Amino acid sequence: MQKDEKSRAFVVGQAEIVARPLEPALYLVATPIGNLGDITLRALETLAGADILACEDTRVTRVLLDRYGIRQRPTPYHEHNAGEAGPRLIAALEAGKSVALVSDAGTPLVSDPGFRLVGQALEAGIRVVPIPGASAVLAALTASGLPSDAFMFAGFLPVKDGQRRSRLSALTAVPATLIFFESPRRLSDTLVAMAEVFGNRPAAIGRELTKTFEEMRTGTLPELAAHYAQAPTPKGEIVVCVGPPQEAEAADPRDVDRLLLSLAKEMPASKAAAEAARMTGGQKPALYRRLLELKDSA
């Protein structure tokens, strides 16, 4: 084996495997969300074979690389340096290099700045290749017992209570299971707000998924809010899943009005009506007329 081959190898068990050469492209590689065994062979081969490995935190990624004997030297790409690191990575891609992008845990672009790099790559005509794998969103959803035929990932909620409740109100009519990331320190306050805005919906709290102290706690939002109001502040990463509204809830005109007004703050009226139609199953023309009525009466 040549020295260059060794530098592009990975180890599984007692076997050292040489990674095949990668075509020039931006590879989005999902990494474990806790248990380092939750990595695919394709992901390992991509991490070992890429010309450049970009990551959020080199210290976190180094733990994974060391576990599988990968001799890469990762370069940082995160929210604070994306403006400088992004163009350098695009330049490398345009020069015919292969670039693998990973987040600290899970699938890249989910609540991290990787979407900017993907957008720049696509604008430059560069191929983008997803390497799927672990996802905290899907792990929590599948273990929650809540409907999974339609779901919406809503990311992190605003920190301020008023803004958080406004965001929740805009989501009340969405006919799908809602999935959020949340800080352990804010979980109790968030559940109180959810119980007041969403009512008695079923929900599930996933904590430390795939790790040693993994926990899934289920119940109604009021029950969960009461539990975490009394319990010590939980440790670890939190995923909150909230069941969809009942048919009567989804049809409440007040919920639809709040959704329309919230969307109209972020986009033109026609687009807001189209988005509301997608989220509620309503008719765009009727929703558009209703939004104009709401604006005229404001």
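Placed above this text is the structure.
We now turn to the structure provided with this report. Only a predicted model underlies this, so the values are computations on that prediction, with no experimental measurement involved. (Residues numbered from 1 in each chain as written. Predicted model: local features only at pLDDT ≥ 70, side-chain atom pairs only at ≥ 80, totals over all residues. Heavy atoms only, no water.)

1. Some points on the side chain of Ser103
Its location among the elements puts Ser103 in the loop between strand S6 (99–102) and helix H5 (114–123). For Ser103, the contacting residues outside a window of four places in its chain are Thr31, Glu56, Pro108 and Asp112. (Helix = DSSP H or I, 4+ residues; strand = E, 2+ residues; numbered from the N terminus. Contact = heavy atoms within 4.5 Å.)

2. Let's talk about the pairing of strand S3 (residues 26–29)
Burial along S3 is two-sided: the face carrying Leu26 and Leu28 and the face carrying Tyr27 and Val29 are both buried. With four bridges joining them, S3 and strand S7 (residues 128–131) adopt parallel strand pairing. From the neighbouring strand, Leu26 faces S7, where its bridge partner is Val128. (Buried < 20%, exposed > 50% of the residue type's maximum accessible area, 1.4 Å probe, protein only. Pairing = 2+ DSSP bridges.)

3. Regarding helix H2 (residues 41–49)
Buried residues dominate H2, accounting for seven of its nine residues. Along H2, the residues classified as buried are Ala43, Leu44, Glu45, Thr46, Leu47, Ala48 and Gly49.

4. Some remarks on the sheet that holds strand S11 (residues 215–220)
Taking strand neighbours across the sheet as the criterion, the five strands line up as S8-S9-S12-S10-S11 in an open arrangement whose pairing is mixed. Two strands in the sheet have a free side with no partner beyond their single neighbour: strand S8 (151–156) and S11. Going from strand to strand, the sheet's axes swing by 20° on average, the running direction of each strand aside. The pairing of strand S9 (residues 177–182) with strand S12 (residues 238–242) spans five bridges and is antiparallel. Within the sheet, the bridge partner assigned to Phe181 lies in S12 and is Val239. Packing of helix H8 (residues 187–198) onto the sheet brings it into contact with S9, strand S10 (202–207) and S12, and relative to S12 it is tilted by some 10°. (Axes fitted to C-alpha atoms, helices over the stretch in contact; angles between N-to-C directions.)

5. Let's talk about the nonpolar core
Proteins that are soluble and globular tend to have nonpolar side chains buried together. Leu171, Phe180, Leu191, Met194, Val240 and Val242 are the most contacted members of the largest nonpolar core, which has 41 residues in total. Beyond its immediate stretch of four places on either side in the chain, Val242 contacts Leu146, Ala176, Thr177, Leu178, Phe180, Met194, Phe198, Arg201, Pro202, Ala203 and Leu221. Grouped together as the second largest cluster of nonpolar side chains are 21 residues, Leu47, Ala48, Cys55 and Ile131 included. (Core = buried A, V, L, I, M, F, W, Y, C linked by side-chain atoms within 4.5 Å.)

6. Overview of the pairing of S9
The buried fraction of S9 is high, at six of six residues. Across five bridges, the pairing between S8 and S9 is parallel. Bridging across to S9, Met152 finds its partner in Leu178. On the question of chirality, the crossover connecting S8 to the parallel S9 by way of helix H7 (residues 161–170) is right-handed. (Right-handed = clockwise from strand over helix to strand, strands pointing away.)

7. Some remarks on the packing of aromatic side chains
Taken as a whole and assessed by the stated rule, the structure comprises two aromatic pairs. Measuring from centroid to centroid gives 5.6 Å for Phe156 and Phe181, while their planes differ by 65°, and the two rings are edge-to-face. In this pair, Phe156 sits in strand S8 while Phe181 sits in strand S9, placing the two residues 25 residues apart along the sequence. Phe156 gets classed as partly exposed once you look at its relative accessible area, which sits at 46%. Within the aromatic cluster, the residues linked to one another by ring pairs are Phe153, Phe156 and Phe181. (Phe/Tyr/Trp six-rings, centres within 6.5 Å; stacked < 30°, edge-to-face > 60°.)

8. Considerations on the pattern of salt bridges
This model, assessed by the stated rule, comprises 15 salt bridges. Residues Arg59 and Asp57 are paired through a salt bridge, measuring 2.9 Å at the closest nitrogen-oxygen approach. On the basis of relative accessible area, Arg59 is assigned to the exposed category, the value being 64%. In this structure, Asp161 and Arg165 form a salt bridge, with 2.9 Å as the shortest nitrogen-oxygen distance. Residue Asp161 and its partner Arg165 are both found in helix H7; the two are separated by four residues, about one turn of the helix. (Salt bridge = Lys/Arg side-chain N within 4 Å of Asp/Glu carboxyl O.)

9. Considering the side chain of Ser169
Along the chain, Ser169 turns up in helix H7. Under the relative-accessibility criterion, Ser169 is labelled buried at 17%. Contacts of Ser169, omitting those with residues within four sequence positions, involve Val197 and Arg258.

10. Description of a nonpolar patch on the surface
Taken together, the side chains of Val12, Ile17 and Leu41 make up a nonpolar region of the molecular surface, amounting to roughly 230 Å² of accessible area. Tracing the backbone through its elements, the reader meets Leu41 in helix H2. Note on Leu41: relative accessible area 56%, which makes it exposed. (Patch = residues over 30% accessible without salt bridge, like charges linked within 9 Å, V, L, I, M, F, W, Y side chains within 5 Å. Areas by Shrake-Rupley, 256 points an atom, 1.4 Å probe, with all protein chains shown as cover.)

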